[in-house]
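# Structural overview for review
As a plain string of letters, each chain reads:
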Amino acid sequence: MTTRTPRTRPLPGAVVSRRVVGTPGEVAAVVATLRDANRLVGMTLPAQMPHGDGRVWVTVRIIDRPRAARTTTPPRVGRRWPVVTAVAVPATTAVAVAGYLAVQIVTALIALLPLLAGGAFVLAVLALLLRRSGVCCPGLHCPGCNH
C-alpha cells in the first residue's frame, strides 16, 4: 500500500516523498522497481510497524514523472474473414444440398431399376407382337392371314 505525503499534485519531474507499507518482500520489490526505473532519489531505513504483524514501512523520495498514456493499438480486424465466410457458407451449403439430392436420385433409380427393366421387357414383347410381318398383315389377329 502506497500513500503520498503531499495532498496536491506536484509538477512533473518534482521530487516527492511516499510511504511504502507492506511485508519486507513487497517493500523490497517496490524499491527495486523504483531503482530500475531510475526514479529513486533516496529512502529511509525500514522500520517495523507497531503491533508486530510483520509489516514494515519505508519512506522513499522519488522523481514524479507523469505516466505515459497507454498506446494500445486497436486489435486488427480481419476484413477478409467476413467476406470469406459470406462466400464459403452459402457455397458449402449449395454443395451439400446438391450432393444430398444426387444421392437421393441415385437411390431412387436403383430402387426403380427392376420396375424399369420389367417395363422395358413388356414394351419389347408388345413391339414384337404388333410389328408388321408382311405387306397385308398389320400384326396380331390380322383378318387377312389369320395370324
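What counts and what doesn't
- Residues numbered from 1 in each chain as written.
- Predicted model: local features only at pLDDT ≥ 70, side-chain atom pairs only at ≥ 80, totals over all residues.
- Heavy atoms only, no water.
- Patch = residues over 30% accessible without salt bridge, like charges linked within 9 Å, V, L, I, M, F, W, Y side chains within 5 Å.
- Areas by Shrake-Rupley, 256 points an atom, 1.4 Å probe, with all protein chains shown as cover.
- Salt bridge = Lys/Arg side-chain N within 4 Å of Asp/Glu carboxyl O.
- Helix = DSSP H or I, 4+ residues; strand = E, 2+ residues; numbered from the N terminus.
- Core = buried A, V, L, I, M, F, W, Y, C linked by side-chain atoms within 4.5 Å.
- Buried < 20%, exposed > 50% of the residue type's maximum accessible area, 1.4 Å probe, protein only.
- Contact = heavy atoms within 4.5 Å.

## Topic: a nonpolar patch on the surface
Taken together, the side chains of F121, V122, L123, V125, L126, L129 and L130 present a nonpolar region at the surface, about 670 Å² in accessible area. Relative to the elements of secondary structure, L130 occurs in helix α2 (residues 80-130).

## What to know about the nonpolar core
Proteins that are soluble and globular tend to have nonpolar side chains buried together. Counting residues in hydrophobic clusters, the biggest one holds nine residues: V16, V20, V27, V31, L34, V56, V58, V60 and I62. Secondary-structure elements contributing two or more residues to this core are β2 (15-22), α1 (24-36) and β5 (56-63). Ranked by residue count, the leading element in this core is β5, at four residues. Residues contacting V31, with those up to four places away along its chain left out, are L40, M43 and V60.

## Some details on the pattern of salt bridges
Under the criterion given, the structure shown has one salt bridge. As a salt-bridge pair, D53 and R55 come within 3.0 Å of each other at their nearest N and O atoms. Its relative accessible area of 34% is what places R55 among the partly exposed residues.

## Thoughts on the environment of R39
Relative to the elements of secondary structure, R39 occurs in the loop between α1 and β3 (40-43). R39 sits 23 residues away from I62 along the chain, and the two C-alpha atoms are 5.2 Å apart. Discounting chain neighbours no more than four positions away, the residues touching R39 are L34, R61, I62, I63, D64 and R65.

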